[in-house]
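Structural characterization, general
Chain by chain, the residues:
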Amino acid sequence: MTSNRRDWLLFTGWLLTGACYLLVLLTALSIGIFILPLPVAGTLLLATRRGTHRGLHGLVSSASLPMFLLAYLNRHGPGTYCEHSAGGESCTDGLLNPWLLLLGGLLALAAGVALFLKVHRRPVPNSPAREPW
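Quick summary incoming for the structure in this document. Counting starts from 1 at the beginning of each chain's written sequence and moves along it residue by residue. Selection of residues for local features in this predicted model requires a pLDDT of at least 70, selection of side-chain atom pairs for listing and counting requires 80 or more, and totals for whole chains, interfaces and linings are taken over all residues. Working from all heavy atoms in the structure, the side-chain values ignore hydrogens and water.

Some thoughts on helix α5 (residues 64-73)
The periodicity of an α-helix, 3.6 residues per turn, causes residues three or four places apart in sequence to face the same way. To keep it simple, the criterion reads: Three labels apply to residues, based on accessible area from a 1.4 Å probe with only protein chains included: buried if under 20% of the type maximum, exposed if over 50%, partly exposed otherwise in between. Helix and strand definitions here come from DSSP, where helices need a minimum of 4 consecutive H or I residues and strands a minimum of 2 consecutive E residues; each element is numbered from the N-terminal end. The arc in question is formed by the directions pointing from the helix axis toward the C-beta atoms.
Every buried residue of α5 is accounted for by S64, P66 and A71. Across the axial projection of α5, the buried residues extend over an arc of 165°, all falling on one side.

Here it is, written out as structure tokens:
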């Protein structure tokens, strides 16, 4: 496996681990304690491997996944949304603007990817070395 591919897999692993920690935090009063073993196992798996620090920038992007989920869950908001069925009508109030959540998620994802790419940019081979003066 090439180093570049492995770095992207590590980035994705840290992204998913960080997103699970955020999900635990958001659901702390309900199911958070039951989800907690997943990110802890992910952290142990990633932290005990050699070279996994190269994918740590995925933690910056991890905030995007819960924001994408919240944007999807509030896709009919803000305002009242009613669904009609054979049994009657059900209305819910969407409190959050899904477009702002989507924008925030895209910015968080882009920030982590940009940081990852900036740090992992390799020097051009056969380029003259610059003097520090």
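Thoughts on the pattern of salt bridges
Where charged atoms from two side chains of opposite charge come close, those side chains can pair. Stated precisely, the cut-off is as follows: Think of a salt bridge as a Lys or Arg side-chain nitrogen and an Asp or Glu carboxyl oxygen that are within 4 Å of each other.
By the definition in use, this model includes one salt bridge. Taking the shortest distance from any N to any O, the salt bridge between D7 and R54 comes out at 2.6 Å. Linking D7 in helix α1 (residues 3-26) with R54 in the loop between α3 (37-47) and α4 (58-61), this pair joins segments that are 47 residues apart in sequence. Exposure remark for R54: the relative accessible area of 26% places this residue in the partly exposed category.

Things to note about α3
What α3 keeps buried is the set P39, G42 and L46. Down the axis of α3, the buried side of the element spans an arc of 55°, and every buried residue falls inside it. Seen from the open side of α3, the exposed residues pointing more than 90 degrees away from its buried face are P37 and L44.

Remarks on a nonpolar patch on the surface
Inclusion rule: Patch rule: a residue counts if its relative accessible area is over 30% and it has no salt bridge; like charges are joined within 9 Å, and nonpolar side chains (Val, Leu, Ile, Met, Phe, Trp, Tyr) within 5 Å. Where accessible areas are quoted, they stem from the Shrake-Rupley method and a 1.4 Å probe; at the residue level, only the protein chains shown are allowed to cover.
A cluster of nonpolar side chains, L23, L26, L69, L70, Y72, L73, L95 and L96, forms an exposed patch at the surface whose accessible area comes to about 790 Å². Secondary structure elements with two or more residues in the nonpolar patch: α1 and α5. By the element assignment, L96 lies in the loop between β2 (88-94) and α6 (98-119). For L96, a relative accessible area of 38% puts it in the partly exposed group.

Read these as spatial facts, not as claims about activity.
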